[in-house]
Amino acid sequence: MKKIILVILTMLTVVCGFAQKQTFDVVSYSVSSGWQQQQYEGGVQLSVTDKNTGGYFVAIITKSMKSTSSANENFNTNWESLVKTTVQVNGEPTMQEPAKDNGWDIISGGANYTDGDNTGMATLLTATGGGQTVSVVIMLNSKQYENDMTSFLNSL
């Protein structure tokens, strides 16, 4: 019996350490243990870096803003202002199927990028609803963080 309780407590500790639910503005998300978080006036940046390989995963959640534009217009505006001003994208974004969730219209797409010696994938998710819009920008340069990216996106 003691072994079973110990196993359950260990599992709960591991699960809690890897999935800490947090909220910024109108967005709830989970992050793994070891991620860095920096809050700014216009958003929050979450990141994890492997100092040995130089691999990284960065997610930026913007503060919601009033909007009367469509989800597509908000995506296009934010792709220009949040992604293309940060890194050199290699082509137009590959778009995902639009989605709806809790009254939000969600548009997402991504493209490969170059930033100095780094290459990677930039993804933008823009949600529009209730007269406001919010975006999440994701950049990663290593396959080692693909599972982190998927877990993060699924937690939104």
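Anything mentioned here points back to the structure above.
Residues numbered from 1 in each chain as written. Predicted model: local features only at pLDDT ≥ 70, side-chain atom pairs only at ≥ 80, totals over all residues. Heavy atoms only, no water.

### Some details on helix α2 (residues 71-83)
Helical periodicity: at 3.6 residues per turn, an α-helix aligns residues three or four positions apart in one direction. Put simply, the rule is: For each residue, the accessible area found with a 1.4 Å probe, counting protein chains only, is set against the maximum for its type, and the residue is called buried under 20%, exposed over 50%, and partly exposed in between. Secondary structure elements are defined from DSSP: runs of H or I of at least 4 residues count as helices, runs of E of at least 2 residues count as strands, and each element is numbered from the N terminus. Every residue pair with non-hydrogen atoms within 4.5 Å of one another is taken to be in contact.
For α2, the set of buried residues is Ala71, Asn74, Phe75, Asn78, Trp79 and Val83. Turning to α2, the residues buried within the fold contact β7 (88-89), β8 (94-95), β10 (104-115), β11 (118-129) and β12 (132-140).

### Focus on the packing of aromatic side chains
Definition in use: Pairing of aromatic rings covers Phe, Tyr and Trp, the last counted by its six-membered ring, and requires centre-to-centre distances within 6.5 Å; plane angles under 30 degrees mean stacked, over 60 mean edge-to-face, and any other angle means tilted.
Counted by the stated rule, this structure contains five aromatic pairs. Through pairs of rings, three or more aromatic residues link up here, namely Tyr29, Trp35, Phe57 and Phe152.

### Details of the environment of serine 142
Turning to its location among the elements, serine 142 is positioned in the loop between β12 and α3 (146-155). Residues in contact with serine 142, not counting those within four places in the same chain, are Gly55 and Tyr56.

### Concerning the pattern of salt bridges
Filter applied, for reference: Each salt bridge in this description consists of a side-chain nitrogen of Lys or Arg and a carboxyl oxygen of Asp or Glu lying within 4 Å of one another.
One pass over the full model with this rule turns up two salt bridges. A salt bridge links glutamate 80 to lysine 84; the shortest N-O distance between them is 3.5 Å. Taking relative accessible area as the criterion, glutamate 80 reaches 44% and is therefore assigned partly exposed. You can call lysine 84 partly exposed: its relative accessible area is 34%. Its salt-bridge partner being aspartate 105, residue lysine 100 comes within 2.5 Å of it at the nearest N-O pair. Residue class for lysine 100 comes out exposed when judged on its relative accessible area of 70%.

### Quick word on the environment of glycine 42
For glycine 42, the position within the fold is in the loop between β3 (36-40) and β4 (43-49). Classification of glycine 42 as partly exposed rests on a relative accessible area of 49%. Sequence-wise, glycine 42 and isoleucine 60 are 18 residues apart; in three dimensions their C-alpha atoms are separated by 9.8 Å.

### Focus: the pairing of β3
Going by this rule: Criterion used throughout: strands pair if DSSP finds at least two bridges between them.
Bridge count between β3 and β4: five bridges; the pairing is antiparallel. Looking across to β4, one finds that glutamine 37 is bridged to leucine 46. Turn length for the β3-β4 hairpin, with the two strands adjacent in sequence and antiparallel, is two residues.

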